[in-house]
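Results of the structural survey
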Amino acid sequence: MANPIIMAVANHKGGVGKTASTATLSAILASKGKKVLMIDLDTQSNLTRHFMEEIPERVIYHAIRDRRDLPIYEVRPNLHLVPSSLDMAGIEIDMTSMRKREFVIRDLLAPVQDDYDFIFMDCPPSLGLISLNALTAANKVLIPMKADLMSYYGLSMMDKFIADMQDLNPGIQIDFIFFNIYEKGQILTESIESDVRANYADRVMKTFIRKNNEISKAAFGYTDIVSYNPNANGSKDFRALADELLEKLGK
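The structure contained in this document is the topic of the report that follows. (Residues numbered from 1 in each chain as written. Predicted model: local features only at pLDDT ≥ 70, side-chain atom pairs only at ≥ 80, totals over all residues. Heavy atoms only, no water.)

1. Focus: the nonpolar core
Side chains of nonpolar character tend, in soluble globular proteins, to be buried together. One finds I39, I64, L109, M121, L155, I177 and V196 to be the most contacted residues of the largest nonpolar core, which totals 54 residues. Among all residues touching V196, those that are not within four sequence positions of it are M145, Y152, L155, I177, F179, A201 and V204. Judged by nonpolar contacts, the second largest core, of 35 residues, contains A30, L81, V226 and A242. (Core = buried A, V, L, I, M, F, W, Y, C linked by side-chain atoms within 4.5 Å. Buried < 20%, exposed > 50% of the residue type's maximum accessible area, 1.4 Å probe, protein only. Contact = heavy atoms within 4.5 Å.)

2. Quick notes on the packing of helix α7 (residues 149-163) against helix α8 (residues 187-200)
Relative orientation of the contacting elements α7 and α8 amounts to 20°, with a least axis distance of 10 Å. Relative to α8, the element α7 is oriented roughly parallel. In the packing of α7 onto α8, the handedness of the crossing is left-handed. Contacts between α7 and α8 involve L149, Y152, L155 and D159 from the first element and I192, D195, V196, N199 and Y200 from the second. In terms of residue class, the contact of α7 with α8 is made up of six nonpolar, one polar and two charged. (Axes fitted to C-alpha atoms, helices over the stretch in contact; angles between N-to-C directions. Helix = DSSP H or I, 4+ residues; strand = E, 2+ residues; numbered from the N terminus. Parallel < 35°, antiparallel > 145°, perpendicular 65-115°, else oblique. Left-handed = near helix turned anticlockwise from the far one by under 90°. Nonpolar A, V, L, I, M, F, W, Y, C, P; charged D, E, K, R; others polar.)

3. Side note on α7
For α7, with 15 residues, the first-to-last C-alpha span of 21 Å sits near the 21 Å given by 1.5 Å per residue. Listing the buried residues of α7 in full gives S151, Y152, G154, L155, M158, F161 and I162. Against the buried residues of α7 lie α6 (129-137), β6 (140-145), β7 (176-179) and α8. (Expected span 1.5 Å × (residues − 1).)

4. Concerning the pattern of salt bridges
In total, this model carries 11 salt bridges according to the counting rule given. Between E183 and K211 there is a salt bridge; the shortest N-O distance is 3.9 Å. Placement of the pair is E183 in the loop between β7 and α8 and K211 in the loop between α8 and α9 (213-220), with a sequence separation of 28 residues. With its nearest N and O atoms 2.9 Å apart, the salt bridge here joins R197 to E193. Within this pair, R197 and its partner E193 are both found in helix α8, separated by four residues, close to a single helical turn. On the basis of relative accessible area, R197 is assigned to the partly exposed category, the value being 25%. (Salt bridge = Lys/Arg side-chain N within 4 Å of Asp/Glu carboxyl O.)

See the structure below:
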């Protein structure tokens, strides 16, 4: 498959729903017949636990350490996962002595990326070497955020971080922003949403994901919200978001 979408799902702010968003969008796109690979880059391995009750012996840590052979597991039809584990906690120390360490993930993806329509990388909530690797490998960046002050600061930090790495990945930018865990009717919420839409224009998705406790329950059941409860508000919102994303990408 030519020209896969390689999407870094990132925000310097934690707690904005990056992992649930990655899991749900990936599952929806796979159900539409798209071939999707998810890469869990977070030490907490929450994306892995959305789809696996037991973490396998070989995970992303080993591929980065050895600089070869992504461990890819099929978790559903059209849906594959590169899992993570607590071993990732020490990976940035392991990488400090590597040559061209910013390009490890890009090089790991090169042999397999053309097998997929979409590759989603669930980034850790920090702007360290792993996030830098993901953004160097990506051709699109998706930012989930809450309509709150800390998420707004996180968005600004992401923008500056990406602007400063043009030598590693020329042209990389924030392509898509969406409001997650959204609670309408609050003054600060509406003020921040208005500012973000004014500053980022059509890069901000029209669809927002309403706050929905069913999304958290789905993760505890090793699944995504659409599979867990297809009639929940979270399912409806994420299906609309997936459709909007496909439309914007011309897919």
